[in-house]
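# An overview of the molecular structure
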Amino acid sequence: MTNKSPQVSDRIRQPGPISETFSFGLRISEAASQDECAYGNDVASSLARREWRAQSVVLATVMALAGTYVALHLRNGWVPADEGTLGQSALRTLQGQLPHRDFIEIYTGGLSFIHAAAFRLFGVNLMSLRICIFLFFLAWVPTVYYIALRFTSLLGAGIVTLLAVSWSYPNYPAAMPSWYNLFFATFGAASLLRYLEVRKTRWLFVAGLCGGLSTLIKVIGAYYVAGVLLALAFVEQRSHESSKTRHRAIGYRVFAFGALGTFSAVLIYMFHARLSAGELYHFVFPPLALVGLVLLSDHGVSARTGERFRGLFQLVIPFVAGVLVPILSFLVPYARSGAIRSLFTGIASSAMSRSVALGIIHPISIDKSIYGMILVGVVAAAIYLREFQRKLISAMFGLGLLILVIKTTQPIALNVWFSIATLTPLVVLAGAVVLAIKKSERHANLQKEQVMVLISLAAMCSLVQYPFAAPIYLSYSIPLTFLAATAIVKRAKKQDGTYVLTALTVFLLVFAVLRVVPNYIYELTHKVGAMSELNLERAGGLRIELAEQMEDLIHFLQRHSPNGVMYTGNDCPELFFLSGLRNATNDDGGAAPTKVLRVLQSDDLKLVVINEAPFFPSGAIDPEVKLEVTKKFPESRRFGIFHVFWRQ
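Right, let's walk through the structure included here. Position labels on residues start from 1 in each chain and follow its written sequence. In keeping with the model being predicted, local features are shown solely for residues with a pLDDT of at least 70 and side-chain atom pairs are shown and tallied solely at 80 or more, while totals for entire chains, interfaces and linings include all residues. Note that water and hydrogens are dropped before the side-chain values are worked out from all heavy atoms of the structure.

## Remarks on unusual backbone geometry
Omega for the bond connecting Y466 with P467 falls within 30 degrees of zero, at 5°, which places this linkage in the cis form. Secondary structure is summarised from DSSP: a helix means a run of H or I of at least four residues, a strand means a run of E of at least two, and numbering begins at the N terminus for each. Residue position: P467 is located in the loop between α17 (444-461) and α18 (471-475). At R199, a position not held by glycine, the phi torsion is positive, near 55°. Checked against the element boundaries, R199 lands in the loop between α6 (177-198) and α7 (201-217). Burial here depends on accessible area, computed with a 1.4 Å probe over protein chains only, as a share of the maximum for the residue type. Under 20% is buried, over 50% is exposed, and the range in between is partly exposed. Classification of R199 by relative accessible area gives partly exposed; the value is 40%. Non-glycine residue Y520 carries a positive phi angle of around 50°. As for its position among the elements, Y520 is in the loop between α20 (498-516) and β1 (532-533).

## Some remarks on a nonpolar patch on the surface
On the surface, L121, F122, I131 and L135 cluster together to form a nonpolar patch covering roughly 380 Å² of accessible area. When residues of the nonpolar patch are traced back to their parent elements, those giving at least two are α3 (110-122) and α4 (126-148). With respect to the secondary-structure elements, I131 resides in helix α4. With a relative accessible area of 32%, I131 lands in the partly exposed category. Like-charged residues are merged into a patch within 9 Å and nonpolar side chains (Val, Leu, Ile, Met, Phe, Trp, Tyr) within 5 Å, provided each residue has over 30% relative accessible area and no salt bridge. All accessible-area figures derive from a Shrake-Rupley calculation using a 1.4 Å probe, and residue coverage is judged against the displayed protein chains alone. Should a side-chain nitrogen of Lys or Arg be within 4 Å of a carboxyl oxygen of Asp or Glu, the pair is scored as a salt bridge.

## As for the side chain of Q88
For Q88, the position within the fold is in helix α2 (residues 80-94). Q88 sits in the buried class, given a relative accessible area of 6%. Note on contacts: a residue pair qualifies if any of its non-hydrogen atoms lie within 4.5 Å across the two residues. Once you skip the residues sitting within four places of it in the chain, Q88 turns out to touch P573, F576, F577 and D588.

## Describing empty space enclosed by the protein
Here a cavity means grid points, on a 1 Å grid over the protein atoms only, where a 1.4 Å probe fits yet cannot get out; a pocket means an open set of points with protein on both sides within 12 Å along at least five of seven lines; lining residues are those with an atom within 4 Å of a point. Grid points are joined across faces, edges and corners, and a volume is the space filled by probe spheres set on the points. All chains considered together, the criterion is met by five cavities of 30 Å³ or more. Reported here for the largest cavity is a volume of approximately 90 Å³. The wall of the largest cavity is formed by 13 residues, among which N181, L182, I220, C461 and V464 lie closest to the centre. Counting only elements with at least two residues in the lining of the largest cavity, the list comes to α6 and α8 (221-238). Charged means Asp, Glu, Lys or Arg here, nonpolar means Ala, Val, Leu, Ile, Met, Phe, Trp, Tyr, Cys or Pro, and polar covers whatever is left, Gly included. Class assignment for the residues of the lining of the largest cavity results in nine nonpolar, four polar and no charged. Considered as a void within the structure, the second largest cavity measures approximately 50 Å³ in volume. Every residue along the wall of the second largest cavity is listed here: T85, L86, S89, E105, Y107, L111, S112 and H115.

Next comes the structure, spelled out in structure tokens:
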């Protein structure tokens, strides 16, 4: 090849973050020779390899940082009832019992099978459950990076990923089902974004699989499914925007209005018993804003009713099929044993009872949203005001945030927390406004669809905070809000905003590492003190408070149950799991008083434990049960909050 300046009509297009596999487009003039085309392809391939290496280096760095950081926290802390419930359910499943048929399961039941497999692989101890979820976490991190990379630079995607990590799993490294819900929602979001890029139906099916698996772990996986369906309704509209025909599709619009109206009514009904300003702001307003967006956007769509239904079914059917496959598979052993009714009855009663029991913490009040507005205002200034990007102002802003991290007082820390805790409704509203603005630039539909997917999932998955809006429940969904905010900035920005946005993101990352994670936000009853290793076989090296007291209690219980049977009165399933003693009932959390009274009459029962200070009011021991215990079991001893009764 003699000509080193091939006649290429345009420059080689640099790879964008939404490129499918780092492919590069070349527009070659008709007169270009084969040698010239080969030269262009060689350059494109070289650039693609360079881009791939850069992405791999950033991802490897992020994985190393996130994995090491979480591994250092993996053994720390616990909520005893959580660990006991997870451990007991997994152990019973490992022994061949079916959730809801053979024992009382407080979740859907799928998680017990996952954790039973973890026990089989890693041993029957609490750390096995944490190793299991840690492996899921390691798969989640690159998924977050994959999504972020579609809206920002390599380095920016790495920082956003670390931000999502710092505000989520390390705050409570127990194998809670809500973490799995977050992970599968993120896997599903990545699948949907992939579908939007390549329009391959299999990715809708994969997104559905994520929804089905998430629902099997905990019924709130249905929030993810609802969020995807909202997004798909919006995607269907975009597919007809370029249509030159003029049809109103009355039949389809009546159907859509009815479906969205039903969704809105169900949503409001869910919260009607506790419909305060806080619930309206956090849980009702964001989904209804998206419903309004879908209805408003439909006015610009012109296609026949049949075409619209066909377009919708092409999106929904593969997704719903993916949802149903794991659910129907899960039903097989129940159908074979004639226990389908027990399964659905158990799931329904568990969901209702937990909703009543947990409904004691309301979300952060709406007046605190002023701090979220300030945060959104800073982002808006960074992407719209040119003056805000001057190096002097950016340097001053970054320096101010650095001082804030170093000198943060408790009131300031709370205000920063409020800015994040009230952020999701503001991000959803901002996304809806951005999507409602008509723009004619190329690839606008793809960007709109991407934003809609993420704000829909952020809005719906944040419902995990209802009815128990404890601080840790924010962590179960806030990474989706961060990703949605990143996509909105990409869609709305008028200038790079690099300096200020980077400084702000790093500040929130460092704040989480220095102030949020060390404060163990999962604990509500007291400030967490010194921890030491719990030297019990089934603890697996977990580090907890008052470890020595727990060891003494477990050894005492093992000595005073000659037949290996025990009953614990309420909210202390960890005692069953750690001691290895069998429950006299099939409810490890505390059976109904009538059932307990029957059990207490058995001569085989020699040991009873009552939790005298349960966190939830519903956990208080029934007075009649306690009276019967004191009559039947004359010997007693206190171990902190646990009152042990036994007889010879």
